[in-house]
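Next come the chains, spelled out residue by residue.
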Amino acid sequence: MGTENNVKSLLDCHIIPALLQGLLSPDLKFIEACLRCLRTIFTSPVTPEELLYTDATVIPHLMLRHWHSCGFKSSPQPLLCANGPDHQTVLFNHGAVQNIAHLLTSASYKVRMQALKCFSVLAFENPQVSMTLVNVLVDGELLPQIFVKMLQRDKPIEMQLTSAKCLTYMCRAGAIRTDDTCIVLKTLPCLVRMCCKERLLEERVDGAETLAYLIETDVELQRIASITDHLIAMLADYFKYPSSVSAITDIKRLDHDLKHAHELRQAAFKLYAALGANDEDIRKKIIETENIMDRIVNGLSESSIKVRLAAVRCLHSLSRSVQQLRTSFQDHAVWKPLMKVLQNAPDEILVVASSTLCNLLLEFSPSKEPILESGAIELLCSLTQSDNLALRVNGVWALMNMAFQAEQKIKADILRGLSTEQLFQLLSDSDVNVLMKTLGLLRNLLSTRPHIDQIISTHGKQIMQAVTLILEGEHNVEVKEQTLCILANIADGTTAKELIMTNDDILQKIKYYMSHSNAKLQLAAMFCVSNLIWNEEEGSQERQDKLREIGIVDILHKLSQSADPNLCDKAKTALQQYLA
């Protein structure tokens with residue numbers, strides 16, 4: 001192997017087209033030499049993968065030469081690296097699956113391994129390839145059955161791990177069910193075995209990361225993994241490198257441990273995050289693991305971005321627990337390092353960290369108050385202006401949680417921090433998640449009468465403009481229902497309700513939605529009416545008369561005969577206000 005500079009020099013001399021041309025030679029030894037040279041070049045970090053795909057003749061050349069390479073010690077398969085769906089499609093369309101499949105029965109271990117690695121690369125996040133692989137027959141056996149045989153304990157570790165990856169990727173792509181025995185009884189236990197301390201550090205990293213990916217979205221697999229071979233406790237060992245013994249006795253071992261220490265911590269955090277994604281009992285077991293909260297807190301300030309991201313993901317997963325928010329999260333004041341992470345981090349970390357902050361700002365979280373005092377409002381308001389959609393959603397979401405049952409001062413600070421212009425920018429956002437969270441924020445701001453009246457006195461005109469635009473626009477039922485609920489909150493104010501009563505356009509819209517075909521929208525519109533006509537409140541008679549004039553009472557009579565019990569009850573309750 002030459003130096004990276006040598007490889008660069010060869011690339012500058014356009015060596016690749018010449019070597020590809022050499023694949024057309026009738027001389028098999030010359031072809032093998034060209035393949036070896038290509039493999040050396042393409043496995044160098046300085047060679048762009050794109051070079052395999054920019055020239056449309058490259059992949060067909062390699063596929064053509066595949067049939068002649070079976071007797072070679074070198075095979076073109078190591079060259080077939082696919083970076084993303086476009087590359088996978090090129091390989092798939094040129095017959096990679098069919099060309100590679102029969103190599104799994106080769107007498108050469110190296111050839112079988114290269115074929116396995118190719119399949120793992122092709123199947124990753126690719127439903128089209130994975131669905132094809134499930135039905136491929138090799139010597140009368142389906143490919144998944146061959147993979148299962150290759151991950152048995154008597155096979156080399158490298159083969160077990162790569163076969164487990166193939167089955168994992170096919171499962172995540174939807175080609176194999178998560179409750180299939182080849183996943184539950186074969187793949188998952190194999191990956192757990194890879195995490196034990198008897199394995200090499202590289203194998204433990206690979207095993208944990210692949211297992212995290214396998215169980216990430218499936219609750220049952222998370223539960224099974226959590227009770228397999230004491231996995232949760234086993235992962236605690238991942239944080240014990242480099243060990244003090246290796247530092248004293250073996251410099252080579254120390255270098256090796258240092259090299260893999262970051263990767264081990266990253267893998268452990270990822271797997272803990274996947275395990276704790278849904279189940280409260282699993283989260284409790286993770287939290288009770290030796291020094292785990294301290295390790296997460298330390299992970300948030302690591303120099304490695306990958307470790308920081310994995311630590312934040314782990315924290316986010318555990319922050320879904322109400323119990324842990326009230327106890328462990330408070331005991332370790334995790335909000336402090338989290339806020340520090342949010343001050344200056346790449347977007348990929350910011351997205352997960354801000355999602356975690358959303359959970360820490362729920363009303364039952366003891367962290368909510370100190371987070372507010374640390375200047376979170378300004379930070380979250382700035383996130384709502386991000387070009388990154390996920391950050392905008394999380395910024396508004398966190399503010400929505402912050403505004404829930406908050407004091408008037410906090411609500412005023414949020415409105416001041418956002419500015420009227422930004423608030424209505426969010427209300428016109430093209431993404432429905434941003435819009436829904438902004439409406440949720442408004443609804444939380446407009447709660448309790450003194451707060452409603454105060455906010456409407458300063459922002460009423462703009463809020464009514466936004467409400468009008470949304471109710472007139474092409475929005476889904478959930479958006480319009482949330483908007484009508486905001487109107488119902490305004491109607492519950494003491495002075496604020498006059499803003500609705502003096503706006504004939506809004507009154508007509510309430511009337512229209514009372515007769516809508518969707519019961520949710522009808523019910524939300526009736527909440528507005530109920531709050532306007534409640535006869536224990538000053539001015540109720542005048543409001544009742546005006547609503548009668550525009551035909552609201554006629555609609556209430558019709559709805560009191562509705563087959564929907566909720567609509568019927570609400571209409572009858574409203575009509576009683578006219579009789580009292």
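Rules behind the numbers
- Residues numbered from 1 in each chain as written.
- Predicted model: local features only at pLDDT ≥ 70, side-chain atom pairs only at ≥ 80, totals over all residues.
- Heavy atoms only, no water.
- Helix = DSSP H or I, 4+ residues; strand = E, 2+ residues; numbered from the N terminus.
- Contact = heavy atoms within 4.5 Å.
- Lys, Arg positive; Asp, Glu negative; His and termini not counted.
- Charge placed at Lys NZ, Arg CZ, Asp CG, Glu CD.
- Expected span 1.5 Å × (residues − 1).
- Buried < 20%, exposed > 50% of the residue type's maximum accessible area, 1.4 Å probe, protein only.
- Polar contact = N/O pair within 3.5 Å; in protein donor to acceptor, adjacent residues only side chain to side chain.
- Phe/Tyr/Trp six-rings, centres within 6.5 Å; stacked < 30°, edge-to-face > 60°.
- Lys NZ or Arg CZ within 6 Å of the ring centre and 35° of its normal.
- Salt bridge = Lys/Arg side-chain N within 4 Å of Asp/Glu carboxyl O.
- Core = buried A, V, L, I, M, F, W, Y, C linked by side-chain atoms within 4.5 Å.
- pLDDT = per-residue confidence, 0-100.
- Axes fitted to C-alpha atoms, helices over the stretch in contact; angles between N-to-C directions.
- Parallel < 35°, antiparallel > 145°, perpendicular 65-115°, else oblique.
- Left-handed = near helix turned anticlockwise from the far one by under 90°.
- Patch = residues over 30% accessible without salt bridge, like charges linked within 9 Å, V, L, I, M, F, W, Y side chains within 5 Å.
- Areas by Shrake-Rupley, 256 points an atom, 1.4 Å probe, with all protein chains shown as cover.

1. Overview of the overall build of the protein chain
A tally of helices and strands in the protein chain yields 38 helices and two strands. Projected onto the principal axes, the alpha-carbon positions of the protein chain cover approximately 100 × 55 × 50 Å. Contacts spanning at least 24 positions in sequence make up 66% of the contacts within the protein chain whose residues lie at least 6 apart. Of the charged side chains in the protein chain, 58 are positive and 67 negative; the average position of the first set lies 5 Å away from that of the second.

2. Things to note about helix α8 (residues 109-123)
An α-helix turns once every 3.6 residues. As a result, residues three or four positions apart point the same way. Taking 1.5 Å per residue, 15 residues should reach 21 Å; α8 reaches 21 Å between its end C-alpha atoms and fits that length. If you check which residues of α8 are buried, you get V111, R112, M113, A115, L116, C118, F119, S120, L122 and A123. For α8, the capping residue at the N-terminal end is S108, with a side-chain oxygen 3.4 Å from the backbone nitrogen of K110. One or two residues past the end of α8 sits E125, with phi positive at roughly 50 degrees.

3. Describing the packing of aromatic side chains
Tallied over the full model, the rule gives six aromatic pairs. Each member of the aromatic cluster is reached from another via a ring pair, and the members are F124, Y169 and Y213. The lysine or arginine in question, R172, covers the ring of Y213, its NZ or CZ lying 4.3 Å from the ring centre. Stacked on the ring of W397, the Lys or Arg K437 has its end atom at 4.3 Å from the ring centre.

4. Describing the pattern of salt bridges
Applying the stated criterion across every chain yields a total of 26 salt bridges. One salt bridge in this structure joins D154 and K155, with 3.7 Å as the shortest N-O distance. Overall, the relative accessible area of 60% leaves D154 in the exposed class. A relative accessible area of 28% places K155 in the partly exposed class. Linking D413 and R416 is a salt bridge whose minimum nitrogen-to-oxygen distance equals 2.4 Å. Taken together, the positions of D413 and R416, both in helix α28 (residues 408-418) and three residues apart, correspond to about one turn of that helix. Residue classification places R416 among the exposed residues on the basis of a relative accessible area of 59%. One network of salt bridges, with partners in common, ties together R449, D492, K497 and E537.

5. Quick notes on the nonpolar core
Residues F119, L275 and L487 are the most contacted members of the largest nonpolar core, which totals 186 residues. Ignoring any residue separated from it by four or fewer positions in sequence, one finds L275 in contact with I215, Q222, A225, S226, L231, I232, L235, I282 and I286. In this structure, L23, C34, I41 and F42 belong to the second largest nonpolar core, which totals twelve residues.

6. So, the environment of L325
Mapped onto the elements of the fold, L325 is located in helix α21 (residues 322-326). C-alpha separation for the pair L325 and R308, spaced 17 residues apart in sequence, amounts to 20 Å.

7. Points about the confidence of the model for the protein chain
Taken over all residues, the pLDDT of the protein chain has a mean of 90, while the share at 70 or more is 92%. Within the model, pLDDT remains below 50 along residues 67-78, and this stretch shows 29 contacts once partners closer than five positions in the same chain are excluded.

8. Looking at the side chain of N394
Relative to the helices and strands, N394 resides in helix α27 (residues 389-403). With residues up to four places along the chain from it excluded, the contact list for N394 reads V351, S354, S355 and C358.

9. Remarks on the packing of helix α19 (residues 292-299) against helix α20 (residues 305-318)
Direction vectors running N to C along α19 and α20 enclose 135 degrees, while the axes themselves pass 8 Å from each other. Classed by the angle they form, the pair α19 and α20 counts as oblique. Handedness of the α19/α20 crossing: left-handed. Counting all contacts with α19, which are made through M293, I296 and G299, the residues of α20 involved are V307, R308, A311, C314, L315 and L318.

10. A look at the environment of G299
Turning to its location among the elements, G299 is positioned in helix α19. Take G299: its relative accessible area is 0%, and that puts it in the buried class. Between the C-alpha atoms of G299 and P337, which are 38 residues apart in sequence, the distance is 9.7 Å. Residues in contact with G299, not counting those within four places in the same chain, are F269, V307, R308 and A311.

11. Details of a negative patch on the surface
The grouping of E538, E542, D545 and E549 at the surface amounts to a negative patch. With respect to the element layout, E549 can be found in helix α36 (residues 540-549). The class of E549 is exposed, set by a relative accessible area of 68%.

12. Focus: the environment of D218
Tracing the backbone through its elements, the reader meets D218 in the loop between α13 (201-215) and α14 (219-226). With relative accessibility at 16%, the residue D218 sits in the buried group. For the pair D218 and F92, spaced 126 residues apart in sequence, the C-alpha separation works out to 28 Å. A polar contact of 2.9 Å, which involves the side chain of D218, links it to the backbone nitrogen of L221.

13. Things to note about unusual backbone geometry
Positive phi, normally seen in glycine, also occurs at H14, with a value near 55 degrees. Assignment of secondary structure puts H14 in the loop between α1 (4-12) and α2 (15-22). What makes H14 exposed here is its relative accessible area of 60%. Although it is not a glycine, N291 sits at a positive phi angle of roughly 55 degrees. Among the structural elements, N291 can be located in the loop between α18 (280-287) and α19.

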